[in-house]
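Residue-level structure breakdown
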Amino acid sequence: MLVYSLLDDNISGELFKCFLLYCLKNSTYFSVTISEEDKSIVELKDYMYKSFETYSWYCYETYETPLAIMLYRSTPSLLGGLVKYFDCLFPTYTKGVEDLCFFKNNKIMFGSVTHERIAQMVLSSETDIKDYEKFATWKETVLSARDYVFYPDLEKLT
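We now turn to the structure provided with this report. (Residues numbered from 1 in each chain as written. Predicted model: local features only at pLDDT ≥ 70, side-chain atom pairs only at ≥ 80, totals over all residues. Heavy atoms only, no water.)

This part takes up the side chain of Gln120. Summarising the element assignment, Gln120 is placed in strand 9 (residues 118-123). According to the relative accessible area criterion, Gln120 is buried, its value standing at 8%. In terms of polar contacts, Gln120 uses its side chain to reach the side chain of Ser5, at 3.2 Å. Those residues in contact with Gln120, other than ones at most four positions away along the chain, are Val3, Tyr4, Ser5, Tyr58, Cys59, Met109, Phe110, Gly111, Trp138, Thr141, Leu143 and Tyr151. (Helix = DSSP H or I, 4+ residues; strand = E, 2+ residues; numbered from the N terminus. Buried < 20%, exposed > 50% of the residue type's maximum accessible area, 1.4 Å probe, protein only. Polar contact = N/O pair within 3.5 Å; in protein donor to acceptor, adjacent residues only side chain to side chain. Contact = heavy atoms within 4.5 Å.)

Inspection of the entire model under this criterion finds 0 disulfides. The thiol of Cys23 is unpaired, and the distance to the nearest cysteine sulfur, on Cys101, comes to 11 Å. We classify Cys23 as buried; its relative accessible area is 0%. With no disulfide of its own, Cys101 lies closest to Cys59 among cysteine sulfurs, the gap being 8.4 Å. (Disulfide = S-S within 2.5 Å.)

Using the criterion set out here, one finds 3 salt bridges in the structure. Between Glu43 and Lys84 there is a salt bridge, with the nearest N and O atoms lying 3.7 Å from each other. Taken together, the residues span a long stretch of sequence, with Glu43 in the loop between strand 2 (29-34) and strand 3 (48-54) and Lys84 in the loop between helix 2 (79-83) and strand 7 (97-104) at a distance of 41 residues. Given a relative accessible area of 34%, Glu43 falls into the partly exposed group. You can call Lys84 partly exposed: its relative accessible area is 45%. A salt bridge links Asp46 to Lys45; the nearest nitrogen and oxygen atoms lie 3.6 Å apart. Take Asp46 and Lys45: they sit in the same class, and that class is exposed. (Salt bridge = Lys/Arg side-chain N within 4 Å of Asp/Glu carboxyl O.)

Attention now goes to the packing of aromatic side chains. A complete count under the given rule lists 14 aromatic pairs for this structure. With a centroid separation of 5.8 Å and an interplanar angle of 50 degrees, the aromatic rings of Tyr22 and Phe135 are classed as tilted. Pair noted here: Tyr22 is in helix 1 (residues 13-26) and Phe135 is in the loop between helix 3 (129-132) and strand 10 (138-141), with a separation of 113 residues, a long-range link. With relative accessibility at 8%, the residue Phe135 sits in the buried group. Taking the centre distance of 5.4 Å and the plane angle of 65 degrees together, the rings of Phe52 and Trp57 count as edge-to-face. (Phe/Tyr/Trp six-rings, centres within 6.5 Å; stacked < 30°, edge-to-face > 60°.)

Here's what the structure looks like:
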């Protein structure tokens, strides 16, 4: 597994829409964290796979209040619904929806923590990063064994 961290401050505008579309085409699932109580994303409801609470998700851990995670099946037709909540990767105002992550089968392929402005690609081959370099600048990152604890595995949820 190769990890690449986002070096740019953000991905926005048309590049961000293209990035989302590319991820929706190449992933099996995506997740968001709901930060407002009783928030629902009506535009995506038909693609809901699972919702759950957890104290640990991609690069984020809480001790008192669990994170509310919504997991959806990926399809390019959801681009319009997603851009209603994300006009860029790290929106200033989140509309109660944050931390976009994409999964290929059960393994994370992209993760973000909105309020920390963290984003990483998790790829299986060095050549795969070239597909994402058209959207932003990425740098290979070496992770410690402890870092991997904060990488969700959907296999454990089924």
